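Structural overview for review
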Amino acid sequence: MKKPYKIAAKAIIFDQGRVLVLRKSTEERSARDNHGWDFPGGGLEPEEPLMDALAREVREETGLQVKVVAPAYIYDEIQEEKHLIIIKFACHQPTGTLRLSAEHDSYHWIALDELDMAPFPEWMKEEIKRAHRVYTQFLTK
């Protein structure tokens, strides 16, 4: 039996030496039984272009608009019910007023020089570092 694909786009947003990390709401954390840290973004709607989905999801979850630098990380996992593909983009220049959707209960702008001490899972720290390298290479062009 073929599993349907679920494609999601996430934004790793940099601003003034910091990165934005969201905390999922208590309801979201308990429903999914996970660590609860998140980047803004989510799944594509049928026939929705990837970059449109990223912009929409970031706006819905944070109220921000961002400029996309480049893809930074692609993750895929074959789950019981679907084949999940998540594309994470290095982003910068957030504009707007940060206001969270009901999916998240807090946001944190973490200084990059404090990232190693932050309470995030190691894989998340590595994704932030990889996205920051992509972002830094973009700035030096």
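Right above here is the structure, for reference.
What comes next is a walk through the structure. All values derive from a computational prediction rather than experimental measurement. What you see as residue numbers is a count from 1 along each chain, following the sequence as written. Local features in this predicted model are restricted to residues of pLDDT 70 or higher, and side-chain atom pairs are both shown and tallied only at a pLDDT of 80 or more, whereas totals for entire chains, interfaces and linings draw on every residue. Based on all heavy atoms of the structure, the side-chain values leave hydrogens and waters out of the count.

With that out of the way, let us pick up the packing of aromatic side chains. Here is the rule: rings of Phe, Tyr and Trp (six-membered ring for Trp) pair when centre to centre is within 6.5 Å. Planes less than 30 degrees apart are stacked, more than 60 are edge-to-face, and the remainder are tilted. Within the structure shown, the criterion is met by 2 aromatic pairs. Between F14 and Y135 the ring centres are 5.2 Å apart and the planes differ by 15°, which places this aromatic pair in the stacked class. Here F14, found in strand β1 (residues 5–15), pairs with Y135, found in helix α3 (residues 122–139); they are 121 residues apart in sequence, far enough to count as distant. Considered together, F14 and Y135 belong to a single accessibility category, that of buried residues. Helix and strand assignments come from DSSP, with helices taken as H or I runs of at least 4 residues and strands as E runs of at least 2, each series counted from the N terminus. Burial classification: accessible surface area is computed with a 1.4 Å probe over protein chains only, and a residue below 20% of its type maximum counts as buried, one above 50% as exposed, and the rest as partly exposed.

A few words on the pattern of salt bridges. Salt bridges are defined as contacts in which a side-chain nitrogen from Lys or Arg sits within 4 Å of a carboxyl oxygen from Asp or Glu. In this structure the tally under the stated criterion is 11 salt bridges. In this structure, R56 engages E57 in a salt bridge whose closest nitrogen and oxygen atoms are separated by 3.1 Å. Judged by relative accessible area, E57 falls into the buried class, the value being 9%. Between K82 and E81 there is a salt bridge whose closest N-O contact spans 3.0 Å. E81 gets classed as partly exposed once you look at its relative accessible area, which sits at 47%.

Okay, helix α2 (residues 50–62) next. To estimate how far a helix should reach, multiply one less than its number of residues by 1.5 Å. Spanning 13 residues, α2 covers 18 Å between terminal C-alpha atoms, matching the ideal 18 Å at 1.5 Å per step. Among the residues of α2, A53, L54, R56, E57, V58, E61 and T62 are the ones counted as buried. Close packing links the buried residues of α2 with β1, β2 (18–24), β4 (41–43), β5 (65–78), β6 (83–95) and β7 (104–111). Following α2 by one or two positions, G63 adopts a phi angle in the positive range, close to 80°. We call two residues in contact when some of their heavy atoms are within 4.5 Å.

Let us now look at the nonpolar core. To qualify as a nonpolar core, a set must consist of buried Ala, Val, Leu, Ile, Met, Phe, Trp, Tyr and Cys residues joined through side-chain atoms within 4.5 Å. One finds F14, V21, A90, F120 and I128 to be the most contacted residues of the largest nonpolar core, which totals 18 residues. If you list the elements that add at least two residues to this core, you get β1, β2, β5 and α3. Ranked by residues supplied to this core, first place goes to α3 with 5 residues. Apart from residues lying up to four places away in sequence, A90 is in contact with I12, F14, K67, V68, V69, A70, A72, A131, V134 and Y135. Grouped together as the second largest cluster of nonpolar side chains are 13 residues, L22, L54, I85 and L98 included.

Nothing here speaks to function; it is all geometry.
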